[in-house]
Amino acid sequence: MSSTTQLNSVQLSTWMSSVEGSPTMALNAKAMALQAAGHDIVNLAAGEPDFDTPVHIREAAQRAMDTGKTHYTPTSGIPELREALVGWVSERTGRSYNTDQIMVTAGTKFGVYLGLASYLNPGDEVLVPAPYWVSYPSMISMLGGRQISVWAGPEKSYKVSVDDLDKAITTRTRGIIFNSPSNPTGAAYTRVETEGIAEWAQRRNVWILSDEIYSSLRYVDEPYCSIVGADSRSSEWQILADGFSKAYAMTGWRIGVLAASTNLIKAATRMAGQTTSCPSSISQYAALAAVTGPQDEVTRMRDEFKSRRDRTQALLEDIEGLGVCEPHGAFYFFLDVREFLGRHAPDGSTLDTSDALCTYFLDHCGIAVVPGEGFGAPGYIRLSYASKIETLTEAASRLKQGFEALK
Ligand code: PLP
């Protein structure tokens, strides 16, 4: 008889089973599958620019391939890109960094994860202003931490105050995730608000993880204020995650930047070295061209987003009962649909949740928008305006008809 135990099946680990899928990616995938099957779907679910990556960046990638830059690179990135990022990050944040404090990551998402993994111990609490980006809760729970959501609704322009944070902090609170401009709300904190939160974090001994991926996509006149630069403590207290996906229309290239203390960057590099290794060598050369080349395409895309925002806002405000809050950054509207919950669709079904409402919109009105549940905001929906104006006009018309059909 064999001495080994016979198993009838192999189960996923408890840890892996607890990892939830991204609701935005799931909805986007469903909308794309319907489109592929021939359905007429207007897809405003995806969180990515519809623009192509600027030509000079693509050419740099081509050159990298043609000149044999197709091998492993150092885990933390090619030296010339890290060097260029020192200036890029220092200029954006107003804080000075050196190369040992900069790491190139395989996307901003992985940078956020590495930052959290570097500081979180089991049971540690992290304050997360809500509505929040869908991936923060999963990352925190994967690492054994506890997310404490701090709600700020449309009446507060989706921005938490120091008072709100004071109410949420406990003796187990170690950090706060700050995301301005925000996905999903488009809220952008002013300089005064940002400095207030930096000062609060300092007073309460809380580290800050600042996700600044939308910092180039702001539609206000006030110059950008990074919370990382507003915090006068030593670099161990701030973790900056930024990247190229949104501002340079480079979502598929998977390049992000992590800027933090030398100690954290060393640890994060060890972890990346044992899991993903370096980000794509070709993408790194593309990112180098993005940082060091002309920035006029970034400005052009930003201006285009702003004009789409203005046009879309006017169309959405024409829908009675819909709560529209002007977004000051990123490319999303976060719409308050609480007024419509509990109403009936033409087929008689009751739409009790924003989730049910989005399913109704996708299945009966041919429009994909994301329910607020995954962003910690049931009763709200997210609409991305990173689409052509004709698409946005059609979307607004379908939404209007869809809402008006509810009884
Ligand atoms: N952070 C926020 C707030 C985002 O909205 C996104 C993408 O949607 C990311 C990070 C991930 O960016 P990347 O594509 O660079 O991983």
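Higher on the page you've got the structure.
Novice: I tried to follow the environment of Asn-205 on my own but got confused; where do I start?
Specialist: Examined against the element boundaries, Asn-205 turns out to sit in the loop between helix H8 (191-203) and strand S6 (207-211). For the pair Asn-205 and Ser-277, spaced 72 residues apart in sequence, the C-alpha to C-alpha distance is 33 Å. Excluding residues within four positions of it along the chain, Asn-205 makes contact with Arg-174, Arg-233 and Trp-237.

Novice: Before we go on, may I ask you to explain the sheet that holds strand S14 (residues 380-384) in this structure?
Specialist: One key point about sheets: their strands pair by backbone hydrogen bonds, in either a parallel or an antiparallel sense. Spatial strand order, S9-S14-S13: three strands in an open sheet with antiparallel pairing. Only two strands of the sheet have a single partner each, and these edge strands are strand S9 (332-336) and strand S13 (370-371).

Novice: When you look at the sheet that holds strand S4 (residues 146-151) in this model, what are you seeing that I'm missing?
Specialist: Spatial ordering of the open sheet is given by S2-S8-S7-S6-S5-S3-S4, a layout of seven strands whose pairing is mixed. In this open sheet, the two strands that pair with only one neighbour each are strand S2 (102-105) and S4. Strand-to-strand twist in this sheet, taken as the mean axis angle between neighbours without regard to direction, amounts to 20°. Pairing of strand S5 (residues 173-178) with S6, which is carried by four bridges, proceeds in the parallel orientation. Among the inter-strand pairings, Gly-175 is bridged to a residue of S6, identified as Trp-207. Its contacts with the sheet put helix H4 (residues 79-93) on S2, strand S7 (238-243) and strand S8 (256-259), and the angle it makes with S2 is roughly 105°.

Novice: I would appreciate a short explanation of the pattern of salt bridges in the present structure.
Specialist: Oppositely charged side chains can pair when the atoms bearing their charge come close. Tallied over the entire structure, the rule returns 24 salt bridges. The residue Arg-146 makes a salt bridge to Glu-125 at a minimum N-O spacing of 3.0 Å. Linking Arg-146 in strand S4 with Glu-125 in strand S3 (residues 125-130), this pair joins segments that are 21 residues apart in sequence. For Arg-146, a relative accessible area of 42% corresponds to the partly exposed category. A residue is classified by how much of its surface remains accessible, and Glu-125, at 1% relative accessible area, is buried. Close ionic contact of Lys-400 with Asp-318 constitutes a salt bridge, the shortest N to O distance being 3.7 Å. Taken together, the positions of Lys-400 in helix H14 (residues 389-404) and Asp-318 in the loop between helix H12 (296-316) and S9 put the pair 82 residues apart, joining distant regions of the chain. By relative accessible area, which is 25% here, Lys-400 ends up partly exposed.

Conventions adopted
- Residues numbered from 1 in each chain as written.
- Predicted model: local features only at pLDDT ≥ 70, side-chain atom pairs only at ≥ 80, totals over all residues.
- Heavy atoms only, no water.
- Helix = DSSP H or I, 4+ residues; strand = E, 2+ residues; numbered from the N terminus.
- Contact = heavy atoms within 4.5 Å.
- Pairing = 2+ DSSP bridges.
- Axes fitted to C-alpha atoms, helices over the stretch in contact; angles between N-to-C directions.
- Salt bridge = Lys/Arg side-chain N within 4 Å of Asp/Glu carboxyl O.
- Buried < 20%, exposed > 50% of the residue type's maximum accessible area, 1.4 Å probe, protein only.

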